[in-house]
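Commentary on secondary and tertiary structure
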Amino acid sequence: MAGKLNLKELQALDAKHHLHPFTDAGALNAVGTRIIERAEGVYLYDTEGKKFIDGMAGLWCVNLGYGRKELIEAATAQMTELPFYNSFFQCTTPVTVQLAAKIAEVAPAHMNHVFFTGSGSEANDTVIRMVRRYWQLKGQPERQVIISRNNGYHGSTMAGASLGGMKFMHEQGGLPIPGISHIRQPYWYGEGGDMDKNEFGLLCAQALEDRILALGPDKVAAFIAEPLQGAGGVIIPPDSYWPAIKKIVKKYDILLVVDEVICGFGRTGHWFGSDYFDLEPDLMPVAKGLSSGYLPIGGVIISDRVADVIINQCGEFAHGFTYSGHPVCAAVALETIRILQDEKIVENVRDNLAPYLNEQWLTLQDHPLVGEARSLGMVGALELVKDKKTRERFSTTGATGALCRDFCVKNGIVMRAVGETMIISPPLVITRDEIDELVAKARKSLDGTAEALGIAV
Ligand SMILES: *Cc1c(COP(=O)(O)O)cnc(C)c1O
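So, here's what we can say about the structure. Computed from a predicted model, the values in this text were never measured in an experiment. Here the residue numbering is sequential within each chain, running from 1 through the sequence in written order. Local features are withheld for residues below a pLDDT of 70 in this predicted model, meaning they are given only at 70 or higher, and side-chain atom pairs are given and counted only at 80 or more; totals for whole chains, interfaces and linings count all residues. Note: side-chain values were computed over all heavy atoms of the structure, leaving out hydrogens and water.

So, the overall build of the chain
Helix numbers and strand numbers start at the N terminus; a helix is a DSSP run of H or I with at least 4 residues, a strand a run of E with at least 2. From N to C terminus, the chain includes 17 helices and 15 strands. Throughout, radius of gyration means the C-alpha value; the globule benchmark is 2.2 Å times the number of residues raised to the power 0.38. At 22 Å, the chain has a C-alpha radius of gyration in line with the 23 Å of a compact globule built from 457 residues. Based on the C-alpha atoms only, the size of the chain along its principal axes is roughly 65 × 60 × 45 Å. When accessible area is computed with a 1.4 Å probe and restricted to protein chains, residues below 20% of their type maximum are described as buried, those above 50% as exposed, and intermediate ones as partly exposed. Relative to its full complement of 457 residues, the chain shows a buried share of 55%. Computed with a 1.4 Å probe, the accessible areas rest on the Shrake-Rupley method; for each residue, only the protein chains presented here act as cover. Working note: accessible area of the chain is about 19,700 Å², and carbon and sulfur atoms make up 54% of it.

Written out as structure tokens, the structure is:
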């Protein structure tokens, strides 16, 4: 039916009936929505037939690219056999069990259980429930506070948005909920000034210990962070940061929650960001790449330390979702992991694609607008600045990022703007030639932005 409507008709209906996530509806309706109609590999096509190279893998999730027949067939077969059954009341489905076992196989050795959810946000809701329940059962119910970070992203439910450190989200809903405490982020380019990168990393880690002491160590339940910040602007912590954080969480015996919703399932060239940074998490929320974005599914991967307590002491864990372990989503996730394994996609990212992306991406460093180009695994960022020396920005409202994004659309590339930072997170199956195209189109978009700002390139 939708195929029969033309762009203008779709835009009119969209404006009339559809409220979009993270969108200024009035502003959107004034210009009209772009409507993506089909996709293949790393390319998207809109209703007018315009082609885009998808530098964001949908929304950090379509790791295997578009049009993978095996995923479609896995969904179809499962739909046919059993479209839904729940995992409540002494039940589950074969594919749900197999997915749990497969996740335990690829997860760090000390993590052997998974609690399924429908999304990353629900996974982080589950984290709060589980962390607080854990400390209750350990006889320390006063351990309630979860420390997280400014400008972290953990989803958009009440719990997810509260754990997250996005001020503009907190301001709109009376958030955060009680018992969440935010510390500074390890954003060297934005906040490190003249300081040595690793010295700055240590300073940011010290903020965790300072906060634990200020709150009282017997009040702190957990620390949650992304291995590298995604939605906050692809912020890669200095090398000194995670080792120092690891020591602090150990010293005060607080749970470490590593939000792997973006990094999980290969994005860093390792199965998990925790593998890349050598972390030993107690809980890992996952989603996005778990099913390559083809169907919504998330979960929390749980360490033996926490699982033992939940299994042996909890009684009924009073939490869960209708779609926890949904069989069709599970079938697609299981097939996604099979493809990642059989095609050695994670290894190819580590040994081939990520080094190549890094080499090519960093050539953008010479562009007059780019203060810093950085990448790790298959994520990258460009800091747009007016003055490379002082890191002075063109705008504090993200106007230059938005301008650059407009040029990206024009040039057929999806790159996202986070304030004055441009970010990419392409599918893990992108080829070297397609990386060349991505980088060339990014440069062309930077050139267009510079020209519009009256800056010579
Ligand atoms: C996207 C994201 C979430 C939220 O996942 P949803 O599926 O959108 O609820 C949580 N944490 C991180 C790190 C994310 O990037």
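Let's pick the thread back up.
As for the site of the ligand
Proximity is defined per residue: any heavy atom of the residue falling within 4 Å of a molecule or strand makes that residue near it. The environment of the ligand is formed by S119, G120, S121, N124, Y153, H154, G155, E226, D259, V261, I262 and K288. For the purposes of these results, a polar contact is taken to be a pair of N or O atoms within 3.5 Å, where, inside protein, one atom must be able to donate a hydrogen and its partner to accept one; residues adjacent in sequence count only when each atom of the pair is a side-chain atom. One of the backbone N or O atoms of G120 is found 2.9 Å from an oxygen atom in the ligand. K288 places a side-chain nitrogen or oxygen 2.7 Å from an oxygen atom of the ligand. Here the ligand, which alone exposes 380 Å², has 83% of that area covered by the protein. Residues of the shell around the ligand, tallied by class, amount to three nonpolar, six polar and three charged. Gly is placed with the polar residues, together with every amino acid not listed as nonpolar (Ala, Val, Leu, Ile, Met, Phe, Trp, Tyr, Cys and Pro) or charged (Asp, Glu, Lys and Arg).

Looking at the packing of helix α6 (residues 120-137) against helix α13 (residues 304-313)
For the pair α6 and α13, interaxial distance at closest approach is 10 Å and the crossing angle is 70°. Relative to α13, the element α6 lies roughly perpendicular. The chirality of how α6 crosses α13 is left-handed. Facing M130, R133, Y134, W135 and L137 of α6, the residues of α13 in contact are R305, V306, V309, I310 and Q313. Across the contact of α6 with α13, the residue classes tally to seven nonpolar, one polar and two charged. To get an axis, fit a line to the C-alpha atoms, keeping to the stretch in contact for a helix; angles then go from 0 to 180 degrees between the N-to-C directions. Roughly parallel covers angles under 35 degrees, roughly antiparallel covers those over 145, roughly perpendicular covers 65 to 115, and oblique covers all other angles. Two helices cross in a left-handed way if the nearer one is turned anticlockwise from the farther one by less than a right angle. They cross in a right-handed way if the turn is clockwise. Only heavy atoms matter for contacts: two residues are in contact if any of them lie within 4.5 Å across the pair.

A closer look at the sheet that holds strand β12 (residues 379-384)
When DSSP finds at least two bridges between two strands, those strands are taken to pair. Spatial ordering of the open sheet is given by β11-β12-β15-β14, a layout of four strands whose pairing is antiparallel. This sheet does not close on itself; its edge strands, each paired only once, are β11 (370-376) and β14 (416-418). Geometrically, the sheet is characterised by an average inter-axis angle of 20° between neighbouring strands, direction not taken into account. Bridge count for β14 against strand β15 (residues 421-424) is three bridges, and the pairing is antiparallel. Its bridge partner being in β15, V418 is matched across the sheet by T421.

Observations concerning the environment of R391
Among the secondary structure elements, R391 is positioned in the loop between β12 and α16 (399-410). Along the chain, R391 and Y189 lie 202 residues apart, while their C-alpha atoms are 8.2 Å from each other. If near-sequence neighbours (up to four positions away) are discounted, R391 is found in contact with W188, Y189, G192, G193 and V385. Within polar-contact distance, the side chain of R391 engages the backbone oxygen of W188 at 3.3 Å. For R391, the side chain forms a polar contact with the main-chain oxygen of G193, separated by 3.3 Å.

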